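Structural overview for review
These are the residues of each chain, in order.
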Amino acid sequence: MSHSHTSQPHAHSPGPGVAALPSLDAPAGCSGCACGHGSAQAGDGHDHGALPGWPRIAAALALAAGAEGAHWLQQDMAGMVLAVAAVALAGLGVYRSGLKDLARLRLGIHALMAVAVTGAFLIGQWPEAAMVMALYVAAERIEDGAMDRARHAIRGLLQLAPPTADVVQADGTTQRLPVAQVPLGATVRIAPGAHVPLDGTVTHGSSAVNQAPITGESQLADKAAGDPLYAGSVNQHGELLMRVTAEPAGTLLARIVRAVEQAQAGKAPIQRFVDRFAAVYTPIVFALAVLLALLAPPLMGWSWTQAVYQALALLVIACPCALVISTPVTVVSALTAAARRGILIKGGGVLESARGLRALALDKTGTLTTGSPTLVHWQALDGADAGAAASAAWQLASRSKHPVSRAIAAGLPAAGANGVQQLQALPGLGVQAEIGGWRWLLGNLRLMREQGLVDAALEDTLAQHERQGRSVTLLADGQGVRALFAVADPLRAQARQAMEQLRALGVHPVVLSGDNPATAQAIAAEAGIDDARGGLLPQDKQGALAALQRSHGPTAMAGDGINDAPALAQADLGFAMGGAHSTGMAMETAGVVLMNDDLRRIPDTVLLARRAHRVLWQNITLALGIKAAFCALALLGQASMWMAVAADMGVSLLVVANGLRLRRWSAVEK
């Protein structure tokens, strides 16, 4: 056992629902090719203001259709006027943006559309130029709406928390205040059926609360005095009084939203590869179009008009918008689906890491077990004074936040705290202090062995408890061990099922525990895990994890405390337990936080990562394959501007729709 203090998570700002992070205002990844999606903040030089609303788009489509009709009736002047009006009504912003990009030598879709429309007018294809621009703007507006759904889906969680709270005043009356004006420590009344406005602790009343939107728990959570409440959860039955413990920007709900927003800003390796590919691909295609226009007449016998027309079609067909947008919409949809199931994944790179996991190391206390142990037995040894031993043990245990220490303190009668001096935590071992002028130690068997205080009789006594899956903590002074405290920590209800799911996915589970080997093996066997290693210090866990990486390949670590932080950092991917209980350093170090401590969410993460990877490659294959087919038609002189729009915007909409399917992902999918 190791005694340590867990740190609290840092408070972040700005508050929830304020502050647009760049990832919410522009689809990550589009800036690399200046494809025209996203805002100027993303660095692509375009903004959504370049796209008109639907009434203007509908009018432009009607004018373009009129231009086609005038061309068919050989009313060239009228048709040209209608075509110019259509482009001006719907595509003027796109056209201007494209000219600016050309001046900066940036070859995005707006630049390519400007070249295509100008060229089409110059060779007399003005009706088609007008229709292509109107259709492009319509498809772009549809695509923007689809991307907004993906980027802003997580923001819907913020609407779960009400904007006001019923604050109890000093005279017992209730005043409804905006949540931003509710001070820390205030008492808030939550009526049956009402949403919890802020994070807090129940001070009076009992009820069942639905906190599924926050932690992903499918069952109602019973709440009574002393239990935590989270903003956005719903009180089901009885009235509750709650003491506010967090400002609006510091609620668990706000931290989830903010973490997902920040995760969206990060790019997965495959996404960075696609961006680099697109940055090279676009200039190559532009050069190919120029060569087609110049060389097709002398080499293939085309007319100059046909060659220029096919080159313009090739430009629009080959724009990499669909390719570039295929990755961020898929990643964002996967992150949102995970968050709704109580899995907080910190970015696309983390999601990609989960796909290839081959081993998982789990801490025991608080991870494989509930982390809520109870003192089931204690006894004084060698004729020691039981009262003095209990008092010393309580004073040492009550100063540690380790679950085993809390269990010991809760199971013993409270003692006076005076006289404790020079308290010192011994990571991985225990704690020591001077009490009443005597040096006392409270810690595990390793600590006592280092002090030379263990004999064969004590070893036999400890072994009996350890075979029952109990963790034994020893109290000693400078002369010998004076008492032992046996704590039992029950296995998490879903642990065995989660381990079976992991093995089915080809992931090998291992227990790495600071507890004694016999206890670690007993708990591991109960969970169905064959490989269990106990008696490990934090640095030992880190070394054991490195060995797993060498023998099995990519390895994850699941832990809940400060002692697990080195192993979490060493692992290819870290899972932090107890996100809903603010586990501090473990939560900060890990790439994935399980908001409801459900171990089944680990195989769920692996499943989601593998599903997202398949969708990513489906999108990339669609984007490149369909465009390659249409490019071949252009090089053979069989393409048209209509095909160009279908190949560019049609494929873009297809990959967006495919990526959005992940928002409805469930763990039953394989």
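In this report, we go over the structure that sits alongside the text. Starting from 1, residues in each chain are numbered consecutively following that chain's sequence as written. With the structure being a predicted model, the display of local features is reserved for residues of pLDDT at least 70 and the display and counting of side-chain atom pairs for 80 or more, all residues being used for whole-chain, interface and lining totals. Only heavy atoms go into the side-chain values, all of them from the structure, while hydrogens and water stay out.

A closer look at the sheet that holds strand S5 (residues 207-210)
The pairing criterion is simple: DSSP has to find at least two bridges between the two strands. Each helix corresponds to a stretch of at least 4 residues labelled H or I by DSSP, and each strand to a stretch of at least 2 residues labelled E; elements are numbered beginning at the N terminus. Read from one edge of the open sheet, three strands run S6-S5-S8, paired in antiparallel fashion. Since the sheet does not close on itself, it has two edges, and those belong to strand S6 (221-223) and strand S8 (234-235), each with one partner.

What to know about the side chain of His 465
By the secondary structure assignment, His 465 is in helix H16 (residues 456-466). Classification of His 465 by relative accessible area gives buried; the value is 9%. Throughout this description, a polar contact denotes any pair of N or O atoms lying within 3.5 Å of each other; where both atoms belong to protein, one of them has to be capable of donating a hydrogen while the other can accept it, and for residues adjacent in sequence the pair is counted only when both atoms sit in side chains. Of note is the side chain of His 465, whose polar atom sits 3.1 Å from the side chain of Arg 470. Throughout, a residue-residue contact means that at least one pair of heavy atoms, one from each residue, lies within 4.5 Å. Apart from the residues lying within four places of it in its own chain, the contact partners of His 465 are His 377, Arg 470, Val 472, Leu 484 and Ala 486. Only protein chains enter the calculation, and the probe is 1.4 Å; a residue is then buried if its accessible area is under 20% of its type maximum, exposed if over 50%, and partly exposed in between.

Details of helix H2 (residues 54-72)
Here H2 is 19 residues long and its end C-alpha atoms lie 27 Å apart, about the 27 Å a rise of 1.5 Å per residue gives. Taken residue by residue, H2 has Ile 57, Ala 60, Ala 64, Ala 67 and Ala 70 as its buried positions. Taken end-on, H2 shows its buried residues confined to a sector of 135°, consistent with a single buried face. Opposite its buried face, H2 presents the exposed residues Pro 55, Ala 62 and Trp 72, each directed more than 90 degrees away. Each helix should span, by expectation, one fewer than its residue count multiplied by 1.5 Å. Working note: the arc is built from the helix axis to C-beta atom directions.

A few points about the packing of helix H11 (residues 348-355) against helix H22 (residues 601-635)
Where helices are involved, their axes are fitted lines through C-alpha atoms of the stretch in contact, as for all axes, and angles between N-to-C directions lie from 0 to 180°. At a minimum axis distance of 7 Å, the contact between H11 and H22 shows a crossing angle of 105°. Classed by the angle they form, the pair H11 and H22 counts as roughly perpendicular. From H11, Leu 351, Ala 354 and Arg 355 reach across to H22, where they touch Thr 605, Val 606, Leu 608, Ala 609, Arg 610, Ala 612 and His 613. Ten residue types, Ala, Val, Leu, Ile, Met, Phe, Trp, Tyr, Cys and Pro, are classed as nonpolar, four, Asp, Glu, Lys and Arg, as charged, and the remainder, Gly among them, as polar. When grouped by side-chain class, the residues that make up the contact of H11 with H22 number six nonpolar, two polar and two charged. Comment on the angle field: the value is read as roughly parallel under 35 degrees, roughly antiparallel over 145, roughly perpendicular from 65 to 115, and oblique elsewhere.

Concerning H22
For H22, built from 35 residues, the straight-helix expectation of 51 Å at 1.5 Å per residue is met to within 8% by its first-to-last C-alpha distance of 50 Å. Where H22 ends, the next residue or the one after it, Gly 637, has phi of about 80°, a positive value.

Overview of the pairing of strand S2 (residues 174-178)
Note that strand S1 (residues 164-168) and S2 share five bridges and pair antiparallel. Residue pairing across strands places Val 168 opposite Thr 174, the latter belonging to S2. Between S1 and the antiparallel strand that follows it, S2, lie five residues; Gly 172 among them carries a positive phi value of about 90°.

Notes on a nonpolar patch on the surface
A contiguous nonpolar surface patch, about 720 Å² in accessible area, is contributed by Val 290, Leu 291, Leu 294, Leu 295, Leu 299, Met 300 and Trp 304. Within the element layout of this structure, Leu 291 appears in helix H8 (residues 269-300). You can call Leu 291 partly exposed: its relative accessible area is 45%. Candidates for patches are residues over 30% relative accessible area with no salt bridge; among them, like charges are joined within 9 Å and nonpolar side chains (Val, Leu, Ile, Met, Phe, Trp, Tyr) within 5 Å. Only the protein chains shown count as cover for residues, with accessible areas throughout obtained via the Shrake-Rupley method and a probe of 1.4 Å. Each salt bridge in this description consists of a side-chain nitrogen of Lys or Arg and a carboxyl oxygen of Asp or Glu lying within 4 Å of one another.

Section: the packing of aromatic side chains
Any two of the Phe, Tyr and Trp rings considered here, Trp counted by its six-membered ring, make a pair once their centres fall within 6.5 Å; the pair's planes then place it as stacked at under 30 degrees, edge-to-face at over 60, or tilted in between. Going through the model one piece at a time under the given rule, you end up with one aromatic pair. Taken together, a centroid distance of 5.5 Å and an interplanar angle of 15° make the contact between Trp 378 and Phe 485 stacked. Linking Trp 378 in strand S12 (residues 374-380) with Phe 485 in strand S17 (residues 481-488), this pair joins segments that are 107 residues apart in sequence. Residue classification places Trp 378 among the partly exposed positions, given a relative accessible area of 29%. When its relative accessible area of 0% is taken as the criterion, Phe 485 is described as buried.

Brief notes about the packing of helix H3 (residues 76-103) against helix H4 (residues 109-122)
With their axes 7 Å apart at the nearest point, H3 and H4 run at an angle of 140° to one another. In terms of orientation, H3 lies oblique with respect to H4. Relative to H4, H3 is oriented so that their crossing is left-handed. Across the interface between the two elements, Met 80, Ala 83, Val 84, Val 87, Val 94, Tyr 95, Ser 97, Gly 98, Leu 99, Asp 101 and Leu 102 of H3 pack against His 110, Ala 111, Met 113, Ala 114, Val 115, Val 117, Thr 118 and Phe 121 of H4. A breakdown of the residues in the contact of H3 with H4 according to their chemical character gives 14 nonpolar, four polar and one charged. Each helix crossing is assigned a hand: it is left-handed if the near helix lies turned anticlockwise from the far helix by less than a right angle, otherwise right-handed if that turn is clockwise.

Remarks on the side chain of Thr 336
Mapped onto the secondary structure, Thr 336 falls in helix H10 (residues 321-340). Judged by its relative accessible area of 0%, Thr 336 falls in the buried class. Polar contacts involving the side chain of Thr 336 include one to the main-chain carbonyl oxygen of Val 332, which spans 2.9 Å.

A short note on the pattern of salt bridges
Applying the stated criterion across every chain, the model contains 11 salt bridges. In this structure, Arg 341 and Asp 604 form a salt bridge, with 3.3 Å as the shortest nitrogen-oxygen distance. Here Asp 604 lies in helix H22 and Arg 341 lies in the loop between H10 and strand S10 (343-345), a separation of 263 residues in the sequence. Judged by relative accessible area, which is 22%, Arg 341 ranks as partly exposed. Here Asp 598 makes a salt bridge to Arg 600, at a shortest N to O gap of 2.9 Å. Of the residues examined, Asp 598 reaches a relative accessible area of 6% and is grouped as buried. Among the residues examined, Arg 600 registers a relative accessible area of 26% and is labelled partly exposed.

What about the sheet that holds strand S15 (residues 438-443)?
The strand order across the open sheet built from six strands is S12-S17-S16-S15-S14-S13, with neighbouring strands paired in antiparallel fashion. Two strands bound the open sheet, and with one partner strand each, they are S12 and strand S13 (420-426). Within the sheet, the average angular offset between the axes of one strand and its neighbour, ignoring direction, is 15°. Relative to S17, strand S16 (residues 471-476) is paired through six bridges, and the arrangement is antiparallel. From the neighbouring strand, Thr 473 faces S17, where its bridge partner is Phe 485. Across the sheet, H16 touches S12, S16 and S17, and the angle it forms with S17 is around 10°.

Details of the environment of Ala 165
Mapped onto the elements of the fold, Ala 165 is located in strand S1. When the C-alpha atoms of Ala 165 and Ile 190 are compared, they prove to be 8.2 Å apart, with 25 residues separating the residues in sequence. Ala 165 has contacts with Gln 175, Arg 176, Leu 177, Val 179, Val 182, Val 188 and Pro 197, leaving out every residue within four places of it along the chain.

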